[in-house]
Structure formats: C-alpha cells, structure tokens
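Architecture and fold: a report
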Amino acid sequence: MDLDTTQPHASLLLPGESLPEDLTTSTSTPLRLGPGLFLSHDPSNPAILPQKAGRLQNPAPNSYYIESSQKRYVPAVGESVIAQVTGKHVDGYKLDIGSAHPAQLDALAFEGATKKNRPMLNIGSLVYARVTLANKDMEPELECIDPTTGKSGGFGELVSGYIFSVSLPLCRRLLLPNPPVLLALAGQVAFEIAVGVNGRIWVKSGDVGTTIAVVEAVRRSEFLRESEVGRMVKEVLAQVGERAQE
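The rules we used
- Residues numbered from 1 in each chain as written.
- Predicted model: local features only at pLDDT ≥ 70, side-chain atom pairs only at ≥ 80, totals over all residues.
- Heavy atoms only, no water.
- Phe/Tyr/Trp six-rings, centres within 6.5 Å; stacked < 30°, edge-to-face > 60°.
- 1 Å grid on protein atoms, 1.4 Å probe; cavity = no way out; pocket = protein on both sides within 12 Å on 5 of 7 lines; lining within 4 Å.
- Points joined across faces, edges and corners; volume = space filled by probe spheres on them.
- Helix = DSSP H or I, 4+ residues; strand = E, 2+ residues; numbered from the N terminus.
- Pairing = 2+ DSSP bridges.
- Axes fitted to C-alpha atoms, helices over the stretch in contact; angles between N-to-C directions.
- Contact = heavy atoms within 4.5 Å.
- Expected span 1.5 Å × (residues − 1).
- Buried < 20%, exposed > 50% of the residue type's maximum accessible area, 1.4 Å probe, protein only.
- Arc of directions from axis to C-beta.
- Salt bridge = Lys/Arg side-chain N within 4 Å of Asp/Glu carboxyl O.

1. Some details on the packing of aromatic side chains
In this description, an aromatic ring pair is defined by two values, namely the gap between the centres and the angle between the planes. Taken as a whole and judged by the stated rule, the model has 2 aromatic pairs. Consider the rings of Tyr162 and Phe164, whose centres lie 6.2 Å apart with planes at 20 degrees: the pair is stacked.

2. As for the layout of surface pockets
There is about 1,300 Å³ of room inside the largest pocket. Taken together, 43 residues make up the lining of the largest pocket; nearest its centre are Gly34, Pro35, Ala76, Glu79 and Arg172. Elements with a contribution of two residues or more to the lining of the largest pocket: strand E2 (32–33), strand E3 (37–39), strand E5 (54–60), strand E6 (63–67), strand E10 (126–135), strand E11 (138–144) and helix H1 (168–174). Among the elements that take part in the lining of the largest pocket, E6 stands out by supplying 5 residues, more than any other.

3. Topic: the sheet that holds strand E14 (residues 191–196)
The strand order across the open sheet built from 3 strands is E13-E15-E14, with neighbouring strands paired in antiparallel fashion. Edge positions in the sheet fall to strand E13 (162–165) and E14, since each of these pairs with one other strand and no more. The mean inter-strand angle of the sheet, taken between neighbouring strand axes irrespective of direction, is 20 degrees. Note: E13 against strand E15 (residues 200–205), 4 bridges, orientation antiparallel. Bridge pairing in E15 places Ile163 opposite Trp202. Strand contacts of helix H3 (residues 208–221): E13, E14 and E15, with the helix running at about 15 degrees to E13, the strand carrying the most contacts.

4. Concerning helix H4 (residues 226–245)
Taking 1.5 Å of rise per residue, 20 residues should cover 28 Å, and H4 covers 30 Å from first to last C-alpha, within 8% of that figure. Inspection of H4 places Val229, Met232, Val233, Val236 and Val240 among the buried residues, and these make up the whole buried set. Angularly, the buried residues of H4 cover 110 degrees about the axis, an arc narrow enough to put them on a single face. Away from the buried face of H4 by more than 90 degrees, exposed residues Ser227, Arg231, Lys234, Glu242 and Gln245 are located. Taken together, the buried residues of H4 touch helix H2 (180–186) and H3.

5. Concerning the pattern of salt bridges
Under the criterion given, the structure shown has 4 salt bridges. For the salt bridge of Arg172 with Glu79, the shortest nitrogen-to-oxygen distance reads 2.7 Å. Here Arg172 is found in helix H1, whereas its partner Glu79 is found in the loop between E6 and strand E7 (80–89), with 93 residues between them in sequence. What makes Arg172 buried here is its relative accessible area of 18%. Glu79 gets classed as buried once you look at its relative accessible area, which sits at 10%. With its nearest N and O atoms 2.7 Å apart, the salt bridge here joins Arg200 to Asp96. Residue Arg200 is located in strand E15, and its partner Asp96 is located in strand E8 (residues 92–96); the two are separated by 104 residues in the primary sequence. Of the residues examined, Asp96 reaches a relative accessible area of 29% and is grouped as partly exposed.

Here it is as structure tokens:
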C-alpha cells in the first residue's frame, strides 16, 4: 500500500515507541491528536505515545494521527461519518456507524429543527453527521450541524445515491485537501460525494455509468501513487463508456 511516505512524519511506529522530537508535550503550540495517539497522564513523564502500530501522519499543521490497517471504526469527536438509521425513539434515532456500539442522533440536532418542525428519518435512511461524543463507556452521539457556523454545512440526510465501503485509511486520505482521485474525476464528470471516516462513501450522479466510474476509480486509487491516478481515471471512464455503448 502506498502510505504517502513523502511526508516527513510518515514514519512507522509501534505501540509505546518514542515519537519524533518535534512532536512532544514541550511544544508551545497546541497539538491535535487523532486516532492511535494518546497523552500519557504520568505526572513524572507526560508524553504523547502511539497506542497501535502504523505510520505517523501529519495531514495539517499541528495535527497528527496513526494510519493503520484496522478494520473496525473507533469514533472520535469531530469526525464526519456516514450513518444508517436502525431505530427510532421519541427523542431521536439510533444509527449504525460501523463501531462497536450504535450511535445516537437527537431529533433536534439539525439546522433549524424544532419540536414541531424536524426531519423525519425512516429505518434505513442514510445520514452524514459529525461525532460530538466519543467515549468507550458510552454510546457515540452525532449531530448534523457545523459547529463553526450553526448551519448544516453539508451534513444531513443523504437522499438516493449509492453507498459503498472502502478501507479506513483510504477514507482519511480522501478527506485531506485536494485528493488526487477526486480532483481527476471532477475534471471529467459531475457528481456529488460524501466521505465518512468510518469507511463509507456515498456517491450521487446524473446517470448510473458515472456512478460506477466514480466508485471504481476511488477503489483503484488506494494502491496507486499520485502520478498514476490521472491515467487510471481516464482508463476507468473509457471502460465504462465502452460498456454503455454495447
């Protein structure tokens, strides 16, 4: 797998190993720690340590996480997920996000929602939401509001479209600024996409052929270098076009 080793912090680490010198608690700049990293609470030796094997990634300034091949999604506050409604109750919904426990979504956790005017979701409905509570002893909680604006910000029910699953590391790379495969596709076809950190991707386009092409290109991109993505996208679009003419 091509794990973007061009980044200076993309080093392979094992649980408990020391991190690079510039990633310590002694820095005056606040750090944002993602999955796989934790802050030791030992007062005699506070330190940031990896808790699983993988590569240390630095997707944004002062932001770090461990990229590994784990299968099950572990919720973290602030992450975007694609959830499926599995149950309804008076105050909201129970949803599956692929984690060990189902998530809860309050019926009022939508832009402009009130007790008299709120979205009515059905069993099986898909929702693009943000994790607001993640605790190993409690069920995760979600909301469909961008906390910085108070608006939906792209969150909410995902109507129609097609959903498919990919690896968790691929989803995280697709959420980085300017992902090569999505840029290449956007230059050729029109489509909507929502990427959840929990390994789920939703795609919607004007025709079945375009949807198939987007799904196929995204899946193939996982093991390609950035320089190979553009050619792959052209090949996929050509193959789908040929099938449509048969």
